[in-house]
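Each chain, letter by letter, is given below.
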Amino acid sequence: MHELSIAHGIVDTVSTALGDTPGVVRDVSIAVGALSGVVPDALHFCFEIATADTRLSGATLSIEQVPVAIWCPTCAAVVEPPPPLSFRCPVCNTVSGDVRRGRELDVLSYTFDDEPALEGA
Amino acid sequence: MTRIVELRAGVLKKNDELARALRSRMQQAGVFTVNLVSSPGTGKTEFLKQTLIALREQGYRVAALVGDLETENDANRLAESGAPVRQILTHGLCHLEAAMIGDHLEGWALDALDFLFIENVGNLVCPSSYDLGEALRVVLLSVTEGEDKPRKYPTIFNSADLAIVTKMDLAAACEFDADAATASIHSVRPGLPILWTSARRGTGMSEWLELLATRRDATRTVAAG
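Definitions and limits used
Residues numbered from 1 in each chain as written. Chains lettered and ligands numbered in written order. Predicted model: local features only at pLDDT ≥ 70, side-chain atom pairs only at ≥ 80, totals over all residues. Heavy atoms only, no water. Helix = DSSP H or I, 4+ residues; strand = E, 2+ residues; numbered from the N terminus. Rg over C-alpha atoms; globule rule 2.2 N^0.38 Å. Buried < 20%, exposed > 50% of the residue type's maximum accessible area, 1.4 Å probe, protein only. Areas by Shrake-Rupley, 256 points an atom, 1.4 Å probe, with all protein chains shown as cover. Lys, Arg positive; Asp, Glu negative; His and termini not counted. Charge placed at Lys NZ, Arg CZ, Asp CG, Glu CD. Patch = residues over 30% accessible without salt bridge, like charges linked within 9 Å, V, L, I, M, F, W, Y side chains within 5 Å. Salt bridge = Lys/Arg side-chain N within 4 Å of Asp/Glu carboxyl O. Phe/Tyr/Trp six-rings, centres within 6.5 Å; stacked < 30°, edge-to-face > 60°.

A. Here's a closer look at the overall build of chain A. Helix and strand content of chain A: two helices and six strands. Going residue by residue from the N terminus, the α and β elements of chain A occur as α-β-α-β-β-β-β-β. In terms of overall dimensions, chain A is more spread out than a globule: its C-alpha atoms have a radius of gyration of 18 Å, far above the 14 Å expected for 121 residues. Out of the 121 residues in chain A, the part that is buried amounts to 46%. Per element, the accessible surface of chain A, about 6000 Å² overall, is 54% carbon and sulfur. The distance from the centre of the 6 positive side-chain charges to the centre of the 16 negative ones in chain A is 13 Å.

Given below as structure tokens:
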């Protein structure tokens, strides 16, 4: 269970990007690869804990799950083996360890309101 | 006004940057760094202890860092090899991070070392996400754990550079199926090299030591060129 460390990493990344810009963060969008070692459900849970008392408090977390894609040398193409996790080309059955997608663990974007004072009015 | 800000930044950027700095520091100092990862109970500590003893006998200068949640037991066991060893206590954290490695290297003259081994916290899930600046990531699997473990924990096997099967002296008693284990490992990481070892009996250790020396020489050639 290292999702709490990951959640803190997300808070750090967004906080650094925000800098001194005033506003309230509404949503953080991240990409989680099937080989990233991160469990989306656990991350949702930890995100709430990690954002408490930060500028991200109350923000939602949107997770885009990225399936594994490999380079198939036979088909000369990037292909996505269907789940469960495998590294076998779904077209020609060639096994390939050349992973092209699926290791992502990235903050894609964040949404924020830069006039939070109007809200309570 | 609501704004959307594109970032495209790695969540573990801080760790990755520290790891990259460690890697170049090690390369400049000529230290070949190995990160050992496995479940608890696979036999990492005994395997590493025998590795340290054998490398020292060959005249190599070696050191080890060992991560655990609590106790200095493993550091004490490893220190029996005569090599300098430091324990990293994570106090509950399930993996090692690059910053902990940097902190625990303080005071060690890296250019006086040929190999540095990092024994990660026993865990097949979390250590896979954290680069420690190693030149070689080794995942260990014991014959007592079942041949299908790689399929259950694909991420760590997929991120490794080498798999080592341990406790081969118990293979017959466990009815261990080496072909099934190979198929399981290769289903999640096609072509991953596998070594079959018993630290207690010495099985496969010369192959392992040879691999270490070869890989280290290759890194040094690259660094020199």
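B. How the structure looks around a nonpolar patch on the surface. Residue and element names in this part refer to chain A. Taken together, Leu4, Phe45 and Ile49 make up a surface patch of nonpolar side chains, about 290 Å² in accessible area. Its place among the elements puts Ile49 in helix H2 (residues 40-51). In this structure Ile49 comes out as partly exposed when scored by relative accessible area, which is 46%.

C. Geometry of the packing of aromatic side chains. Residue and element names in this part refer to chain B. Tallying each qualifying case throughout the model produces six aromatic pairs over all chains. Relative to Phe115, the ring of Phe32 has its centre 6.0 Å away and its plane inclined at 80°; by these criteria the two rings are edge-to-face. You can see Phe32 sitting in strand S2 (residues 32-37) and its partner Phe115 sitting in strand S5 (residues 115-119), a full 83 residues away along the chain. Note on accessibility: Phe32 and Phe115 belong to one class, buried. A centroid spacing of 5.3 Å and a plane angle of 45° characterise the contact between Phe47 and Trp208, whose relative ring orientation is tilted.

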